[in-house]
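If you want the building blocks of each chain, they are given just below.
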Amino acid sequence: MSIDRHQLAVPLSADLNPAQGEAVKLTEGPLLLLAGAGSGKTRVLTYRVAHMIGQGVDPWSILAITFTNKAAAEMRERITGLVGTEGKGLWVGTFHAVCMRVLRVEIENLPGYKRGFVICDSADQLALLRSVLGELDIDEKKFSPRSLLEVISNAKNRLLSPEAFEREAGDFFAELAARVYRVYQAKLFANNALDFDDIIMLTVRVLRECPQVLGFYQNRFRYILVDEYQDTNHAQYVLINLLASRHRNLCVVGDDDQSVYGWRGADVTNILEFERDYPEAVVLKLEQNYRSSGSILAVANAIVKHNRGRKEKSLWTEKDDGDLVVVHRAVNDTEEARYVVDQVLRLRDNLGLNYGDFAVLYRTNAQSRVLEERFIRAGVPYRVYSGVKFYERMEIKDLLAYLRFVFNPNDSVSFGRIVNVPRRGIGDASLQKLFAFSAGENVSLLELLASLDRLAPEMDLQGRAVNALKGFASMIESFRELARSGTSLWELTQFVLHESGYWESLRGNRAADGEARLENIDEFLNLTAEFDGRATEFLEDYDLGLAADTDTDAAVDGGQGMALLGGFLEQVALVADIDSYDDGEDVVKFMTMHSAKGLEFPVVFLVGMEEGIFPSSRNILEPVLLEEERRLCYVAVTRARERLFLVHARQRTRFGRTESAVPSRFLSEIPDDLVNASEEADWGRSYGAGAYGRSERYGSSGRYGSSGRYGGSERYGGDSVGNPGGASRSGAGARAGAGADSGWGQKDHEPGRSGWGTQKNLDAGRAGQETPAAPVEETYFVGDKVIHPSFGQGIVMSCRGVGDEAEVTVVFAGEVKKLIAAYARLEKT
DNA sequence: TAACGTTCTTTTTTT
DNA sequence: AAGAACGTTA
């Protein structure tokens, strides 16, 4: 992370050791760079590209593939710092981002595919698959949608079309999966939608089926670099080899010990057999670790040594041993969390560390909850970098569905999601007829909606539904018109939000989390505004140097306005939680071990070091899977620079049940002399009498009070805790210190609307906000203004009867409802 | 049609 | 523990 400091001032070679220097300079021909954890491979990759540009290589001819968008942004930034120019034309991105860039231009080379497609996220995939199961009359309970999706994903990662997959299907299940795959794919096609795996697979298809396209990109990319090569799957492997086969200037970087994505099709043999693919390849090894203390590195080496199928190598460091690694046993999971908080506070106090120096890593997202509760109670600021993604929340998905349907009116998944949200009186029965007709007559949804007058009788739709659908169709058309006009995304979103009645319906929803949802919507609007701010940049990028001809494009009708919307939707689909990782933010970082890959922290806690948790119970029996768990442990351990804490609990609550737990086998793979067990004993002693007293101290004394870092906000005085840094919340950077709230249910409590992609904070302290049911004997009069928990504000049109029995007719935003007072929970305003 | 209550499933890991 | 899925009720 120190590259910035060195930029430009020194010649490149001064920052590099001999092996690194060689890797930077050997720009011609294939290169395999085996880079151990913390060996500075990111720096090498960056310098290598900078060096090439410095040597006069046109950035336009360089393609660099990174593992995350975050890494891509960083690399681009550092290259800019090193060479002083922006490296215009340089392609840096993840596989998915790079392939999207190709497909946006080239997809129409594939028969039937259209530009203006949308990307299905996992929830969409699931919805689509279930509709397939329904059509094929397959019982979800016998064949779980998720396992079928996994099979399909695997097939795509191996570049198998439904037909090819069918041919190789050996057993009954595979045959069934093949049928499902075929229909699923047909549905995607009809919706003009791609799933994640399609993005790679279709790119390969274009390159394979269109020699002129392949030729173009082969010629263009004289130099190709791929990071984390051990995590590439077959489709990605083929893609890279197709592109690199002309110039053969392919540099791949990786570490077989850090291969942890086998479960999503990654194939370590890609890196292990690179020399077979490129016999003339130079192989360089980076074995000096610059990150971790001697003890931490020794622990990592000791653990990974237990794996059989690996290339022998030994990382070394010039650093001192440093502190011993601490293994701590907690009584249960809440005590585990308490221990972590206490250690954070202790180290911060004793060593002058910042919150931002700590990371807590776990195997599964579910483990974050207990930790969060504890951190909130202690008032320690933290941020969760995985788990429920921001845009997976219901209200965000709804809003996105509107935008997606505006962008692509063939997207039946989005249509199905929003057509009756807020309620428009279009019921399931009507929708079924609609979909059946659309599929049966092969009429697109758009055409169907446009010609309802003619087709409604054929579909046997109710008059009420027809009218509602007509209204919906013309509303969508007005949205599309606005989008085409080139309005800003923010404006479009505002328009959609209000015209659709969605905002109103949320605002009226006083129940439970309506407020939080509105805040999320607010956050979403910030994101659109932020994207608007980058509009020019994006549109330039969009058809940069490619034969894109947006003006005459029929599929993306509306040109730039729609293109902008498409770009935004793409970003939403492909940007991961971890991409918002902000190193500088002074909060404790929570994330899965997988997400932590590529990152480093001064102090790391690995929690849940128990058999069944880590290694996961699903991967314990199969040796190959167990080795991947062990590699994950290696990755996790090597994230730590100075201090490492390995924590396990004797009891843990899972599925609401308390189970006893056995320490992870990985702990016993560490030689005793590398571990500090004394802290455990120390803690053990103080536990009975001291533990609660201790938390008391942290909780209520002013001892840690005014650290001054936060401009005087009282950190630990009583329970009141502010947000770090005054919680600036402009734009996507709005990451108000999730978890900094103490949870009294105070008004400005901010339940996790912590910005792009962060997990929602706990709703601790939100109790007691329940809306009471309508008071008995309440009487309604025509003209009364009322609020309904889900319909929002409305006006009473008529009322029959009194008290509980009263049947009240209310006009809500765009709809009329007949409600029984006793059940409706109406509130007079 | 929608709200509400009961029962069931869920926890790998992510682009 | 929390959410989804189903059935019941008005």
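Quick caveat: nothing in here was measured; it's all calculated off a predicted structure.

Analysis parameters
Position numbers for residues start from 1 in each chain and track the written sequence from start to end. Chains and ligands are labelled by the order in which they are written, letters from A for the one and numbers from 1 for the other. Residue-level local features of this predicted model are given only where pLDDT is at least 70; pairs of side-chain atoms are given and counted only at 80 or more, and the full residue set underlies all totals for whole chains, interfaces and linings. Think of the side-chain values as coming from all heavy atoms in the structure, minus any hydrogens and water. Only the stretch in contact is used when fitting a helix axis, every axis being a line fitted to C-alpha atoms; angles between N-to-C directions are given from 0 to 180 degrees. Think of it this way: any DSSP run of H or I at least four residues long counts as a helix, any run of E at least two long counts as a strand, and we number them from the N terminus. The cut-offs work like this: below 35 degrees is roughly parallel, past 145 is roughly antiparallel, 65 to 115 is roughly perpendicular, and the gaps in between are oblique. If you view the pair so one helix is near and one far, a crossing is left-handed when the near helix is turned anticlockwise from the far one by less than a right angle, and right-handed when it is turned clockwise. Every residue pair with non-hydrogen atoms within 4.5 Å of one another is taken to be in contact. When residue character is reported, Ala, Val, Leu, Ile, Met, Phe, Trp, Tyr, Cys and Pro are called nonpolar, Asp, Glu, Lys and Arg charged, and the others, Gly included, polar. Between the rings of Phe, Tyr and Trp (Trp by its six-membered ring), a pair exists once the centres lie within 6.5 Å; its type follows the angle of the planes, with under 30 degrees stacked, over 60 edge-to-face, and the other angles tilted. Accessibility here uses a 1.4 Å probe with only protein chains present; expressed as a share of the type maximum, an area under 20% marks a residue as buried, one over 50% as exposed, and anything in between as partly exposed. Charge assignment: positive for Lys and Arg, negative for Asp and Glu; neither His nor the chain ends contribute. Every case where a carboxyl oxygen of Asp or Glu lies within 4 Å of a side-chain nitrogen of Lys or Arg is listed as a salt bridge. Nonpolar core, defined: a set of buried Ala, Val, Leu, Ile, Met, Phe, Trp, Tyr and Cys residues in which side-chain atoms within 4.5 Å join the residues together. A pair of strands is treated as paired once DSSP finds two or more bridges between them. A clockwise path from the first strand over the helix to the second, with the strands pointing away from the viewer, defines a right-handed crossover. Here a cavity denotes grid points, spaced 1 Å and computed from the protein atoms alone, that fit a 1.4 Å probe unable to get out, and a pocket denotes an open set having protein on both sides within 12 Å along at least 5 of 7 lines; residues with an atom within 4 Å of a point are the lining. Grid points are joined across faces, edges and corners, and a volume is the space filled by probe spheres set on the points.

1. Section: the packing of helix 18 (residues 394-407) against helix 24 (residues 489-499)
At a closest axis distance of 11 Å, the pairing of helix 18 and helix 24 adopts a crossing angle of 110°. Between helix 18 and helix 24, the angle is such that the two are roughly perpendicular. In the packing of helix 18 onto helix 24, the handedness of the crossing is right-handed. In contact with Leu399, Tyr402 and Leu403 of helix 18, helix 24 contributes Leu492, Thr493, Val496 and Leu497. By residue class, the composition of the contact of helix 18 with helix 24 is 6 nonpolar, 1 polar and no charged.

2. Examining the packing of aromatic side chains
In total, this model carries 30 aromatic pairs according to the counting rule given. Between Phe143 and Phe172, the aromatic rings sit 6.4 Å apart at their centres with planes inclined by 50°, giving tilted as the arrangement. Residue Phe143 is found in the loop between helix 6 (122-135) and helix 7 (145-157), and its partner Phe172 is found in helix 9 (residues 172-190); the two are separated by 29 residues along the sequence. Judged by centre distance (5.7 Å) and plane angle (80°), the ring pair of Phe524 and Phe568 falls under edge-to-face. Of the two residues, Phe524 is situated in helix 26 (residues 514-533) and Phe568 in helix 28 (residues 560-574); the sequence distance between them amounts to 44 residues. Here the two residues Phe524 and Phe568 agree in accessibility, since each one is buried. Each residue in the set Trp60, Trp91, Phe216, Tyr217 and Phe221 is aromatic and connected to the rest through ring pairs, giving one cluster.

3. Side note on the side chain of Asp197
Following the sequence through the fold, Asp197 ends up in helix 10 (residues 196-209). Within the buried core, Asp197 has no salt-bridge partner, and the shortest N-O distance to an opposite charge, that of Lys156, equals 5.8 Å.

4. What to know about the nonpolar core
Counting 132 residues, the largest nonpolar core has Phe415 and Phe472 as the members making the most contacts within it. Residues in contact with Phe415, not counting those within four places in the same chain, are Phe405, Leu431, Leu434, Phe435, Leu445, Leu449, Leu469 and Phe472. Residues Tyr385, Leu606, Phe614 and Ile670 belong to the second largest nonpolar core, which totals 41 residues.

5. Regarding the environment of Ala636
Along the polypeptide, Ala636 turns up in helix 30 (residues 623-637). For Ala636, a relative accessible area of 0% gives the class buried. For Ala636 and Gly608, which are 28 residues apart along the polypeptide, the C-alpha to C-alpha distance reads 13 Å. For Ala636, the residues in contact, after removing those within four places along its chain, are Leu361, Met593, Val604 and Leu606.

6. Some points on the pattern of salt bridges
Here the structure, examined in full by the defined rule, presents 43 salt bridges. Measuring nitrogen to oxygen at the nearest pair gives 2.9 Å for the salt bridge that ties Arg276 to Asp277. Arg276 gets classed as exposed once you look at its relative accessible area, which sits at 54%.

7. Here we look at unusual backbone geometry
For the bond running from Val421 to Pro422, omega is 0°, close enough to zero to count as cis. Residue placement: Pro422 occurs in the loop between helix 19 (412-418) and helix 20 (428-441). With omega at 5°, the peptide bond leading from Phe614 into Pro615 counts as cis. Note that Pro615 resides in the loop between strand 13 (601-606) and helix 30.

8. A short note on the pairing of strand 2 (residues 62-65)
Going residue by residue along strand 2, you find Ile62 and Ala64 tucked away on one face and Leu63 and Ile65 tucked away on the opposite face as well. Sheet topology note: the strand 2/strand 6 (residues 223-226) ladder contains 4 bridges and is parallel. In the strand pairing of strand 6, Leu63 is matched with Ile224. Relative to strand 3 (residues 91-93), strand 2 is paired through 3 bridges, and the arrangement is parallel. Looking at the pairing, Ala64 lines up with Val92 of strand 3. Each parallel crossover has a hand, and for strand 2 linked through helix 4 (residues 69-83) to strand 3 it is right-handed.

9. Quick word on the sheet that holds strand 8 (residues 282-286)
Two orientations exist for strands paired in a sheet by backbone hydrogen bonds: parallel and antiparallel. What the 6 strands build is an open sheet, ordered 3-2-6-7-1-8; its pairing is parallel. Each edge of the open sheet carries a strand with a single partner, namely strand 3 and strand 8. Geometrically, the sheet is characterised by an average inter-axis angle of 10° between neighbouring strands, direction not taken into account. Packed on one face of the sheet, helix 2 (residues 18-25) meets strand 1 (31-35) and strand 8 and runs near 145° to strand 8. Set on the sheet, helix 5 (residues 95-106) makes contact with strand 2, strand 3 and strand 6; between it and strand 3 the angle comes to about 130°.

10. Focus on empty space enclosed by the protein
Rolling a probe over the atoms, with the probe sized like a water molecule, indicates the empty space that remains. By the definition in use, this model includes 8 cavities of 30 Å³ or more. The wall of the second largest cavity is formed by Trp91, Val98, Cys99, Val102, Thr203, Leu207, Tyr217, Phe221, Leu239 and Leu243. For the lining of the second largest cavity, the secondary-structure elements that each account for two or more residues are helix 5, helix 10 and helix 12 (234-244). In terms of residue class, the lining of the second largest cavity is built from 9 nonpolar, 1 polar and no charged.

11. Regarding the pairing of strand 7 (residues 250-254)
Where burial is concerned, most of strand 7 is hidden: 5 out of the 5 residues are buried. Both strand 1 and strand 7 contribute to a ladder of 4 bridges, which runs parallel. Bridging from a neighbouring strand, Leu32 pairs with Val252 of strand 7. Across 3 bridges, the pairing between strand 6 and strand 7 is parallel. For Ile224, the partnering residue across the bridge sits in strand 7 and is Leu250. Taken together, strand 6, helix 12 and strand 7 constitute a β-α-β crossover, and its handedness is right-handed.

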